Amino acid sequence: MKLNVNNRIFDVDAEEDTPLLWVLREQLELTGTKFGCGIAQCGACTVHIDGEAVRSCVMPVGALNADEKITTIEGLSEGADHPVQRAWLELDVPQCGYCQSGMIMATAALLEENPEPSDEDIDDAITNICRCGTFARVRKGIHLAAELKKA
Amino acid sequence: MIDLAEPQAISRRKFLVGTGATGAGLSLGFSFSSAEADSNWAQKSATPEVNAWVVIDPDDSVRIRVVKSEMGQGTLTGLAQLVVEELECDWDNVSTEYPTPGESLARNEVWGSFLTAASFGIRKSQKMVREGGAAARIMLIGAAADRWGVPAGECSVEKGVITHANTGRTLSYGEVATDAGQRTPPTEVPLRDPKDWKIAGKPIKRLDTEAKLNGSQIYGVDIKLDGMLSASIKACPVWGGTLVSFNADAANQMPGVRKIVAIDGNAVAVIADTWWRANRALEAVEIEWDLGENANTSSSDIDNVLNEGLDATEAFVGNSVGDADAAIAEAAQVVTSTYDYPYQAHATMEPMNATAIWTPENCNVWAPTQNGQGAHAAAVEAAGLKPEQVDITKVHLGGGFGRRQSNDWLRQAVLIAKELPGTPVKLIYTREEDLTQSMYHPVTKARMTAGLDENGDITGLKMRISGQSISVFSLKFLIQDDGSDPLVFQAVAPEGDFQISYGFPAVHVDHAMRNPFVRPAVWRGVNINQNTIYMESFMDELAEAAGKDPLEFRRKLMSERPRHLAVLNAVAERGKWGSPSAPGRHQGLAVSFAFGSAIAALAEVSVTDGELTVHKITAATDPVRAVNPQQIEAQVEGSFAYGLSALLYQEITVADGRIEQDNFDSYPSMTISDMPEVETVIIESGGDVEWGGVGEPTIAVAAPAVLNAIYAATGKRIRSFPLSGISLSEV
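On a predicted model such as this, the values are computed, not experimentally measured, just so you know.

**Student:** Can you lay out the overall build of chain B for me, pointing to particular residues and giving the numbers?
**Tutor:** The number of helices and strands found in chain B is 20 helices and 26 strands. Here the C-alpha atoms of chain B give a radius of gyration of 27 Å, agreeing with the 27 Å that 2.2 N^0.38 yields for 731 residues. Across its three principal directions, the C-alpha atoms of chain B cover 80 × 80 × 50 Å. Here chain B, with 731 residues, has 58% of them falling under the buried criterion.

Right, dumping it as structure tokens:
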């Protein structure tokens, strides 16, 4: 089957029920997308499919086709200059960093849909788990990214 | 008092004497691919070092050696700041690299302990690394002075450029680094007064942020080696049980499967070309277990054992001043409460994993471990090879929290790799395996008893702790001759790094050790969590019984605890004790002392229709010195998130010997909507006092401050955790 990942078409040889996460990580060597739970609870595996945040650990590749544009953290921007990445750098958001690919992808999708999210919007939309507890800086980072995106 | 580093160092020295330190690093007979970016093995250039801590390339780039593990706590950056402060190079040229335990072995442990635990990443090695940086600076200046034929005293350095003022000549560090490395290290290495610090003590950015924003940071799970296979493992669901047999007929037919093996007599692992295929096949293996005697034990049985310990006549005494029994017997009023605290798992975001390659001649392991030398020892044992034939390449950790101090998972990875000599194999746990085969926060109960006199002053206080010792299971060197475990008394010890907050007229703290079969181990802060909940909740209960303000009630007992008192005063002032920021909000206080740092918190909560909102926590911490204030703030916030997740949601329970929680649906962790605003006051008390830690101490105060605020809001005193499932409706 063919997948469109970060604007490249890949030929993928995998069982149809293989989650997108594992195809990305093990076959396309895009390891920035992380395995955290396997049941769509933690969000470490968040990618975009046609701009929408999707938890890739429960998305079977057989359900996807090459018309759907998959974006991973590696393809979010050229030179890591997406407003969310710039905001995260400015505020030194990550601690261990393991959940941050998912956190950044979830935030980027939120800002496309809602350019100026309120704190309540953030509470509703960002349900990713971070065991280091970077939430305070994530919240500041989302507001800063919203500003940077407008500018 | 409780020093984890020293016994480890002693046993390690014994080990070295016994085996002899031989041979330098190993060479690897295969090439890297994506692991290359993070592997210091591959990165090491031909540039000789200035000393063990500092390598400077001809282009003036500086590599700082760090042996402590980076797991999010910022130690990598903090230690580099301390080296660079003394080295006096340009911070913009700095990167870091991890030496390996094998190199350490070959070099007589020149970097000291790799163990990154008990909040001593910085506090226990700060002097050593600063001296390393200062010695390198002296050697670099000496090399330049010799080249010019002038006294070193006439030379100065700024940002890695050495200047001879009289002649105006300059040399960069990169130009003299090779010569400097040939020099005899100085014997006198004076250190800068912290008041003159320019790099250390400043809120500078972490060195490892950029790679964490674009997917390029390599963690253990991301290691990829040529020809590598992957493995998934399932151990006996009851700890102590064994593997009887397994039928792999169906699994062997599944795509990608290479080998299905028994591991350690208590687990089955599938090795396949991808991890996903390995794990699918593992699900198809039919396994017969002998669950062993622990299959008869459930949480209620453990509860009964701990209840018995509350009344036991024999107990280890951890802190005793005066005659608490007599003081309580003579009191006008006696208050008693019993608290309990559950098992909890670490649930690092990155599940346990390690990658190993084994041959009859050597074994190399890539592992996110908090315990480099412990990992090495575990790998040596599992590999069945000599210490000098084995090495560990550390990779960044996707969280540690104590789980990665133990190396049980690493042992399994080596045993799996041993099944396919010459082929690298990466073992990754499922989240289910990670949570059900963990080593947990220990379970304890406490009965608190105190007497109050006619004036409402405490006459004496007793604290009986009943429950588990983590040291008996995972830190045996800490167990004393009489069998007691000093770690149990964290935050209620008579003196030292875990000193009790109050100077009670009489106090008696003891421990009835009861060790259920569930494996316990360190867990961010470990015993400071529940001990501070017990003490600080009970102090509020006593203040109420005495009809006194909780702040004043505490202060009266803290006249000989100036550092404890300072942080308590700081949160009371900054958090405006007595004046909640909005109607319907209620406040709670907590203070403690852990890992050499004084910590306090003032929480503001509201409870509406039984629903709790933690609005804000004002925190204060005094770690003696602050190496990177913005990272200390991050650690305070993070520790509060970790501690509040535990308070609000987390409990590991046992049914017929099995751990019942196996993923984030049954073992929830807080998300951003639960996170309170956190304001942090950092106090640097300074002086000639051993520095305190940062990563763990503040976790102790979040939960009790919130519990005391919940009481203020509802009149409901909660003595059993977590809060989920407990009604918070007003009493």
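**Student:** Account for the overall build of chain A, with residues named and values stated.
**Tutor:** Each helix and strand counted, chain A has five helices and five strands in total. In chain A, the succession of α and β elements from N to C terminus is β-β-α-β-β-β-α-α-α-α. Across chain A, every contact between residues at least 6 apart in sequence was considered, and the portion connecting residues at least 24 apart equals 64%.

**Student:** Mind laying out the packing of helix α16 (residues 527-546) of chain B against helix α20 (residues 699-714) of chain B, listing which residues take part and the relevant values?
**Tutor:** All names here are of chain B. Orientation of α16 relative to α20, taken along the N-to-C sense of each, is 30 degrees, at an axis distance of 8 Å. Comparing their axes, α20 and α16 come out roughly parallel. The handedness of the crossing between α16 and α20 comes out as right-handed. Packed against α16, whose contacting residues are Ile 528, Asn 529, Thr 532, Ile 533, Glu 536, Ser 537 and Asp 540, the element α20 presents Ile 699, Ala 700, Val 701, Ala 703, Pro 704, Leu 707, Asn 708 and Tyr 711 at the interface. By residue class, the composition of the contact of α16 with α20 is nine nonpolar, four polar and two charged.

**Student:** Let's hear about the sheet that holds strand β20 (residues 507-513) of chain B: which residues, and what values?
**Tutor:** All names here are of chain B. Spatially, five strands are ordered β12-β20-β19-β18-β13 in an open sheet, and the strand pairing comes out mixed. Both edges of this open sheet fall to β12 (316-321) and β13 (333-341), since each of them pairs with a single strand only. Adjacent strand axes in the sheet meet at a mean angle of 10 degrees, parallel and antiparallel pairs treated alike. Strand direction decides the pairing type here: β13 and strand β18 (residues 444-452), joined by nine bridges, are antiparallel. Bridge pairing links Tyr 341 to Thr 444 in β18. Where helix α10 (residues 299-311) meets the sheet, it contacts β13, β18, β19 (458-467) and β20, and its direction lies at approximately 145 degrees from that of β19. Of the strands in this sheet, β13, β18 and β19 are in contact with α16, which crosses β13 at around 150 degrees.

**Student:** With reference to specific residues and values, describe the sheet that holds strand β6 (residues 169-172) of chain B.
**Tutor:** Picture the strands of a sheet paired through backbone hydrogen bonds; they go either parallel or antiparallel. Residues and elements named next belong to chain B. Across the sheet, three strands lie side by side as β4-β5-β6; this open sheet has antiparallel pairing. Each edge of the sheet is formed by a strand with only one pairing partner; in this case those strands are β4 (155-158) and β6. Averaged over all neighbouring strand pairs, the angle between strand axes comes to 25 degrees, with direction disregarded. Note: β4 against strand β5 (residues 161-164), four bridges, orientation antiparallel.

**Student:** Could you give me a rundown of the pairing of strand β3 (residues 46-49) of chain A, with the residues and numbers involved?
**Tutor:** Remember that side chains alternate between the two faces of the sheet whenever the strand is regular. Residue and element names in this part refer to chain A. Alignment of β3 against strand β4 (residues 52-55), held across four bridges, turns out to be antiparallel. Within the sheet, the bridge partner assigned to His 48 lies in β4 and is Ala 53. Linkage of β3 to β4, two consecutive antiparallel strands, is achieved through a turn of two residues, within which Asp 50 is found at a positive phi near 50 degrees. Sheet analysis places β3 next to strand β5 (residues 69-71), joined by two bridges and oriented antiparallel. Note that in β5 the partner of Ile 49 across the bridge is Ile 70.

**Student:** A description of the interface of chain A and chain B should follow, citing residues and the corresponding values.
**Tutor:** By convention, interface size is frequently given as the accessible area that disappears when the constituent parts associate. Facing 47 residues of chain A, the contacting portion of chain B comprises 47 residues. At the level of elements, α1 (20-27), α2 (83-91), α3 (100-113), α4 (119-125) and α5 (135-150) of chain A are the ones that each hand at least two residues to the side of chain A that touches chain B. Considering each element in turn, the side of chain A that touches chain B owes the most residues, five residues, to α5(A). Its residues assigned to classes, the side of chain A that touches chain B comprises 22 nonpolar, 16 polar and nine charged.

**Student:** Go over α3(A) with me, naming the residues and quoting the values.
**Tutor:** Residue and element names in this part refer to chain A. Taking 1.5 Å per residue as the helical rise, α3 with its 14 residues ought to reach 20 Å, and the 20 Å between its terminal C-alpha atoms agrees with that figure. For α3, the buried fraction is high: 12 of the 14 residues fall into the buried class. Among the residues making up α3, those that are buried are Gln 100, Ser 101, Gly 102, Met 103, Ile 104, Met 105, Ala 106, Thr 107, Ala 108, Ala 109, Leu 110 and Leu 111. Each element contacted by the buried residues of α3 is listed here: β3, β4, α2, α4 and α5.

**Student:** Can you explain unusual backbone geometry? Please cite residues and give values.
**Tutor:** Residue and element names in this part refer to chain B. Residue Pro 722 follows Phe 721 across a cis peptide bond; omega there is 5 degrees. Of note, Pro 722 is situated in the segment after α20. Of note in the backbone geometry, Phe 401 takes a positive phi value of approximately 55 degrees without being a glycine. With respect to the secondary-structure elements, Phe 401 resides in the loop between β16 (390-394) and α13 (408-418).

**Student:** So what's going on with the environment of Val54(B)? Which residues, and what values?
**Tutor:** All names here are of chain B. Structurally, Val 54 is set in strand β1 (residues 54-56). What makes Val 54 buried here is the crowd of 28 C-beta atoms within 10 Å. As a C-alpha pair, Val 54 and Ala 135 span 81 residues in sequence and 9.8 Å in three-dimensional space. Excluding anything up to four places from it in sequence, Val 54 contacts Glu 49, Val 62, Ile 64, Val 83, Leu 87, Gly 132, Gly 133 and Ala 136.

**Student:** So what about the confidence of the model for chain B? Which residues, and what values?
**Tutor:** Residue and element names in this part refer to chain B. When the pLDDT values of chain B are averaged, the result is 93; 93% of them are 70 or greater. In the predicted structure, residues 1-43 sits below a pLDDT of 50 and forms 72 contacts with residues beyond four places in sequence or in another chain. For this predicted complex, the interface score ipTM comes out at 0.98, alongside a pTM of 0.94.

**Student:** How would you sum up the packing of α2(A) against α5(A)? Please name residues and give values.
**Tutor:** Residue and element names in this part refer to chain A. Orientation of α2 relative to α5, taken along the N-to-C sense of each, is 130 degrees, at an axis distance of 8 Å. It follows that α2 is oblique to α5 by the angle criterion. Read as a crossing pair, α2 and α5 show a hand that is right-handed. Contacts from Pro 83, Val 84, Arg 86, Ala 87, Trp 88, Glu 90 and Leu 91 of α2 reach α5 at Arg 137, Lys 140, Gly 141, Leu 144, Ala 145, Leu 148 and Lys 149. Its residues placed into classes, the contact of α2 with α5 shows eight nonpolar, one polar and five charged.

Conventions we followed
- Residues numbered from 1 in each chain as written.
- Chains lettered and ligands numbered in written order.
- Predicted model: local features only at pLDDT ≥ 70, side-chain atom pairs only at ≥ 80, totals over all residues.
- Helix = DSSP H or I, 4+ residues; strand = E, 2+ residues; numbered from the N terminus.
- Rg over C-alpha atoms; globule rule 2.2 N^0.38 Å.
- Buried ≥ 20, exposed ≤ 12 C-beta atoms within 10 Å, placed from the backbone.
- Contact = placed C-beta atoms within 7 Å.
- Axes fitted to C-alpha atoms, helices over the stretch in contact; angles between N-to-C directions.
- Parallel < 35°, antiparallel > 145°, perpendicular 65-115°, else oblique.
- Left-handed = near helix turned anticlockwise from the far one by under 90°.
- Nonpolar A, V, L, I, M, F, W, Y, C, P; charged D, E, K, R; others polar.
- Pairing = 2+ DSSP bridges.
- Expected span 1.5 Å × (residues − 1).
- pLDDT = per-residue confidence, 0-100.

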